[in-house]
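Observations on chain architecture
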Amino acid sequence: MKDNRSYNNNKRISNVNNLKSHNKNLNKVNNGVFVFTRSLSVGELAKQLNILPSDIIKYFFMNKKMVTINQMLDDESIGEVCLNFGYDFKKEKVVKAENFEEVEIKDKKEDLVERPPVVTVMGHVDHGKTTLIDAIRNSNVVATEAGGISQAIGAYQKEVKGKKITFIDTPGHEAFTAMRSRGASVTDIVILVVAADDGVMPQTVEAIDHAKAAGAPIVVAINKIDKEGANIERVKNDLMNYEIIPEEYGGKNIFCEISAKKNIGIENLMENILLLSEVLELKANPKRYAMGTVLEAKLDKGEGPKATLLIQNGTLNNSDYVVVGTSYGHIRRMVNEHQKVMKTATPSTPVSVTGLNEVPNAGDHFMAFPTEKEAREIAAKRHLQREEQERSGTAARSLDDLYKQAQEGEITTLNLLIRADSTGSVEALKSSIMKISIKGVKVNIIRATAGAITDSDIALASASNAIIYGFNVRPTANIKAKAEEEKVEIRLHRIIYALIEEIEGALKGLTKPELKEVTMGQMEVRNLFKANKLTIAGCYVTEGHIKARSKIHLIRDGIIIYDGELASLKRFKDDASDVKSGFECGATILGYNDIHEGDVIEAFEMKEEAK
């Protein structure tokens, strides 16, 4: 039987073959430009530029610098030599085949075709996100969901006026913040659903943060306009506080008024999505092997490992060999959301595939390959690489990593989440941080709010490779554990200028923080007693241990309200030098009596960090 597929194996370009030829041509002069990938010795550079080593040595000598033929030159010195001998220069990053998500694909203009926009639906729980998808698809997704709340990412395609749109329905409940961040990472356009009768809610703000972190344009769908109590102007005004400004007010955000339940305004919303996608000029090359992202994955009892893939570039065939995260396989079966078997899937198409050797992780990248051998070898290398990363610690950025990267000239953007005790502190911190100006480095504040550090902050920091800075706040034991699990660094400060100096120093690569606050233990105030105008706190040590005369923070609802020192520490009627976790004690704070039941007393020490 003749194969009528548009893009069969012989016609498609291999991404990795393109990468290999690219890396092979590095460290060569091409059209007067010397391209290099690493530091070079004087002798190596002379050979590449086809000049004598003595000419380079002489050049540096005339500029009062002594070098030898075997001396390694840094990027700046290589650039100086190139310019002096009539060449332009460019440093390129070598990407290994197993790091295929880092491949910079350069397609010919004639191979690029228009692709459907990938639209993510976000918003607060019960504001009508899945009902909107339901109305768009003319289906009944909500009825199949537990309690009417989305439990996993669903991906669907819809044809509007002859053009396809791919929709990703992300769960809106707080418990699925991490899953929502995955949806934002693959999207072109975000539809932010806000109920007209409920207004902006906590998860509405989280959705805005995730959309901004992903750099995706936001279209606001004001839903439930038919309900009693609907206040469209209030929604618009509230959203303007988060820099989501309607076009009618001079902003860049499209606002559509809809009722998903009664199918009002849906057509207008779709037309605006198509209009925006035309402005974005979304294109891809179907004439290459597919690349994309895993939206969801599970182990199916009947079919084995099963993954929902979103093709972002290229064409996926139902017989391709694929590497998905650290797994690989030969696609046995490929279906769309209607369970219809597909032979090929082009850019922006979501498909469910079977045939993998193990279950990948949601958020993993995938790539198709011409042969099983190539796929198996690259999957094995990726597996080893992931194991090494897990052994070496964090995948998220820490301040020490930042220091090393700044020393090597690698760092370009630092993502920060700010949590402070008040809105005034938040504004002061934002203002001070945005004044940091260092060449080649951009500081990006992806969230800055008042209040204690939350699970949502950890999820967003993990998804955005960010560092959390807490000012006059303290994370709970559960939050600390979550941060450790997600490999997210939390830096805590009490003085604004110290926080700014720490960031600035790390970015400049000049210094690392010398003093670090180390928590020794925490105890919870369970009873209060009055004696001779003193307030004695009856406490229970919940973690670590508390020493007499310790420096302490008094914490109420996650916010530090007082810094001081323990005046006394007793077990029953006797003075105690140290009380360990799981034991009760009595304590007073030197010169301070405004202690409440439920407060947390945190003991800490300042320790010097080795440079």
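For the structure, check the block above.
Residues numbered from 1 in each chain as written. Predicted model: local features only at pLDDT ≥ 70, side-chain atom pairs only at ≥ 80, totals over all residues. Heavy atoms only, no water.

Our focus in this paragraph is the overall build of the protein. Summing up its helical and strand segments, the protein has 15 helices and 33 strands in all. A burial count over the protein gives 48% of its 611 residues as buried. Relative to all contacts within the protein whose residues are 6 or more apart in sequence, the contacts with residues 24 or more apart total 71%. Counting every atom, the protein has about 30,600 Å² of accessible surface; 48% of that belongs to carbon and sulfur. (Helix = DSSP H or I, 4+ residues; strand = E, 2+ residues; numbered from the N terminus. Buried < 20%, exposed > 50% of the residue type's maximum accessible area, 1.4 Å probe, protein only. Contact = heavy atoms within 4.5 Å. Areas by Shrake-Rupley, 256 points an atom, 1.4 Å probe, with all protein chains shown as cover.)

Read from one edge of the open sheet, 4 strands run S23-S22-S24-S25, paired in parallel fashion. Both outer strands of the open sheet, strand S23 (442–450) and strand S25 (490–493), are each paired with one neighbouring strand and no more. For this sheet, the mean angle separating the axes of adjacent strands, direction not counted, is 25°. (Pairing = 2+ DSSP bridges. Axes fitted to C-alpha atoms, helices over the stretch in contact; angles between N-to-C directions.)

Attention now goes to the sheet that holds strand S14 (residues 291–300). Sheet architecture is closed into a barrel: 6 strands sit in the order S14-S15-S20-S18-S17-S21, paired in antiparallel fashion. For this sheet the average axis-to-axis angle between neighbouring strands, irrespective of direction, equals 45°. Sheet analysis places strand S15 (residues 304–313) next to strand S20 (residues 350–356), joined by 5 bridges and oriented antiparallel. Paired with Leu310 across the strands is Pro350, a residue of S20.

What follows is about the pairing of strand S27 (residues 534–547). In this structure, S27 lies alongside strand S32 (residues 584–589), joined through 4 bridges in antiparallel fashion. Bridging across to S32, Gly538 finds its partner in Gly586. The pairing of S27 with strand S31 (residues 578–580) spans 3 bridges and is classified as antiparallel. Bridge pairing in S31 links Ile546 to Val579.

A complete count under the given rule lists 29 salt bridges for this structure. The shortest N-O distance in the salt bridge between Arg549 and Glu565 comes to 3.3 Å. You can see Arg549 sitting in the loop between S27 and strand S28 (551–556) and its partner Glu565 sitting in strand S29 (residues 559–571), a full 16 residues away along the chain. Here Glu565 falls in the partly exposed class, since its relative accessible area comes to 27%. A salt bridge links Asp599 to Arg556; its shortest N-O distance comes to 2.8 Å. In this pair, Asp599 is assigned in the loop between S32 and strand S33 (600–608) and Arg556 in strand S28, connecting sequence segments 43 residues apart. Each member of the salt-bridge network shares a partner with another, and the members are Asp209, Arg419, Arg447 and Asp457. (Salt bridge = Lys/Arg side-chain N within 4 Å of Asp/Glu carboxyl O.)

Within strand S7 (residues 118–123), 6 of the 6 residues are buried, which leaves the element mostly enclosed by the surrounding structure. Burial of S7 is two-sided: the residues Val118, Thr120 and Met122 facing one way and the residues Val119, Val121 and Gly123 facing the other way are all buried. As judged from the 5 bridges shared by S7 and strand S10 (residues 189–195), these two strands associate in the parallel manner. Directly across from Val121, in S10, lies its bridge partner Ile191.

To continue, consider the side chain of Arg115. Looking at where Arg115 falls in the secondary structure, it is placed in the loop between strand S6 (113–114) and S7. There is a polar contact of 2.8 Å between the side chain of Arg115 and the side chain of Asp188. Apart from the residues within four sequence positions on either side, Arg115 is in contact with Asp188, Leu282, Lys283, Ala284, Gln312, Pro347 and Ser348. (Polar contact = N/O pair within 3.5 Å; in protein donor to acceptor, adjacent residues only side chain to side chain.)

Positionally, Ser327 belongs in strand S18 (residues 327–335). There is a polar contact of 2.7 Å between the side chain of Ser327 and the backbone oxygen of Val324. In this view, Ser327 contacts Val322, Leu356, Asn357, Glu358, Pro360 and Ala379; residues no more than four positions away in its chain are not counted.

Moving on, we get to the environment of Asn527. Residue placement: Asn527 occurs in strand S26 (residues 515–531). Under the relative-accessibility criterion, Asn527 is labelled partly exposed at 40%. Along the backbone, Asn527 and Ala537 are 10 residues apart, and their C-alpha atoms lie at a distance of 6.0 Å. Leaving out residues up to four positions away in the same chain, Asn527 has contacts with Ile536, Ala537, Gly538 and Glu597.

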